[in-house]
Amino acid sequence: MSRYVIKFYKEGTIRYISHLDILRLFKRSFKRVNVRLQYSQGFNPHPKMSFAQPLSLGYFSSSEYLEFDTTNSYLTSDIKEKLNTILPEGIHILSCEELPVGGKTLAALTKAADYEIALPVMGFRRDIHGLVTKYMAQDQILIQKRQKKSGKDLEVDIKPMILELTGSVNDNNIMITTKLSAGSTANLSPEMILSTFCSFAEIPYDRAEVRIQRTEIYFDD
């Protein structure tokens, strides 16, 4: 058995395809290029492959990671080249690397992710750097989060999960660049930054016009 990870981008209309459907796409693609996936045991076997961090529907990404186990060993260059010949427009493999067999999953090692948020505005003349500084200077940045088990709303301070945050104005867009905690221990959606910052700065926006792109995922060593 061998273990690999591919890094790919996701853009265009295919960003509206869910991560479960993207998994199905890769499953069929591996079969087409004769890469034999390792399957789990039991009554309902499934291929051993998973995303480091599932991407929300509608987000762009220049840095997605999919790890998978195979029954045979392959050249990483062959996997990359063969997949790129058959994958649909909007998905392209950037790299393929072999991983140690039996190590922790990338999902377990994920610790942070970078995002770029483009918020359309017309004639914005305020000091965006000052607004970001004041936003981050708050003692707490609170949100209401619904608990799955109890169904109750719990007040959560997201400030510790905002690792970096900068803002600029470019071509009638407010550009928010941020690094957020990600993974199983702590995970913050860029939607929370968008809503809390715009509420704090009193900036109206239409969510349908906002572009959110994940630009990198970071892992523990």
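Since the structure is predicted, the reported quantities are computational estimates derived from the model, not experimental observations.

A. Examining the overall build of the chain more closely. What the chain contains, in helices and strands, is 5 helices and 10 strands. Overall size of the chain, expressed as C-alpha extent along the three principal axes, is 55 × 40 × 30 Å. Within the span of the chain, comprising 221 residues, buried residues form 43% of the whole. A separation threshold of at least 6 residues defines the contact pool for the chain, and within that pool the share at least 24 residues apart is 72%.

B. Structural view of unusual backbone geometry. Residue Asp171 is not a glycine yet carries a positive backbone phi of 50°. The residue Asn172 is not glycine, and still its phi comes out positive at about 60°.

C. Main features of the pairing of strand β10 (residues 211-219). Sheet topology places strand β3 (residues 60-70) next to β10; 2 bridges connect them, and they run parallel. Within the sheet, the bridge partner assigned to Phe60 lies in β10 and is Gln213. Pairing analysis gives 8 bridges linking strand β5 (residues 110-120) to β10, with the strands arranged antiparallel. Directly across from Glu116, in β10, lies its bridge partner Gln213.

D. Structural detail: the nonpolar core. Within the largest apolar cluster, 38 residues are counted, with the highest numbers of intra-cluster contacts made by Ile162, Phe197 and Ile203. Counting residues per element, the ones that place at least two in this core are β5, α4 (128-136), β8 (162-170), β9 (173-181), α5 (190-201) and β10. Element by element, the count of residues in this core is highest for α5, at 5 residues. If near-sequence neighbours (up to four positions away) are discounted, Phe197 is found in contact with Ile128, Leu131, Val132, Tyr135, Ile176 and Ile203. Counting residues in hydrophobic clusters, the runner-up holds 23 residues, among them Leu25, Met49, Leu66 and Leu83.

E. Looking closely at the packing of aromatic side chains. Enumeration according to the criterion identifies 8 aromatic pairs in this entry. Seen in terms of ring centroids, Tyr4 and Phe68 are 5.7 Å apart; in terms of plane orientation they differ by 25°. Their pairing is stacked. Taken as a pair, Tyr4 in strand β1 (residues 2-10) and Phe68 in strand β3 lie far apart in primary sequence, 64 residues in all. Across this residue pair, the class does not change: Tyr4 and Phe68 are buried. Judged by centre distance (5.8 Å) and plane angle (65°), the rings of Tyr135 and Phe200 are edge-to-face.

F. Region of interest: the pairing of β5. Along β5, 8 of the 11 residues are buried, which leaves the element largely enclosed by surrounding structure. In this sheet, β9 lies alongside β5 in antiparallel orientation, the contact comprising 9 bridges. Across the sheet, the residue bridging to Glu116 is Thr177, located in β9.

Procedures and definitions
- Counting starts from 1 at the beginning of each chain's written sequence and moves along it residue by residue.
- Two thresholds apply to this predicted model, a pLDDT of at least 70 for residue-level local features and 80 or more for giving and counting side-chain atom pairs, whereas whole-chain, interface and lining totals are computed over all residues.
- Where side-chain values are given, they derive from all heavy atoms of the structure, hydrogens and water being excluded.
- In this text, helices come from DSSP runs of H or I with a minimum length of four residues, and strands from runs of E with a minimum of two, each type numbered from the N-terminal end.
- Accessible area is worked out with a 1.4 Å probe on protein chains only. A residue is then buried under 20% of its type maximum, exposed over 50%, and partly exposed in between.
- Any pair of residues with heavy atoms lying within 4.5 Å of one another is described as a contacting pair.
- One requirement defines pairing of two strands: DSSP has to find at least two bridges between them.
- By nonpolar core we mean a set of buried residues, namely Ala, Val, Leu, Ile, Met, Phe, Trp, Tyr and Cys, connected to one another through side-chain atoms within 4.5 Å.
- For Phe, Tyr and Trp, where Trp contributes only its six-membered ring, two rings pair if their centres lie within 6.5 Å, and the inter-plane angle classes them as stacked under 30 degrees, edge-to-face over 60, or tilted in between.

Interpretation in functional terms is not warranted from these geometric data alone.
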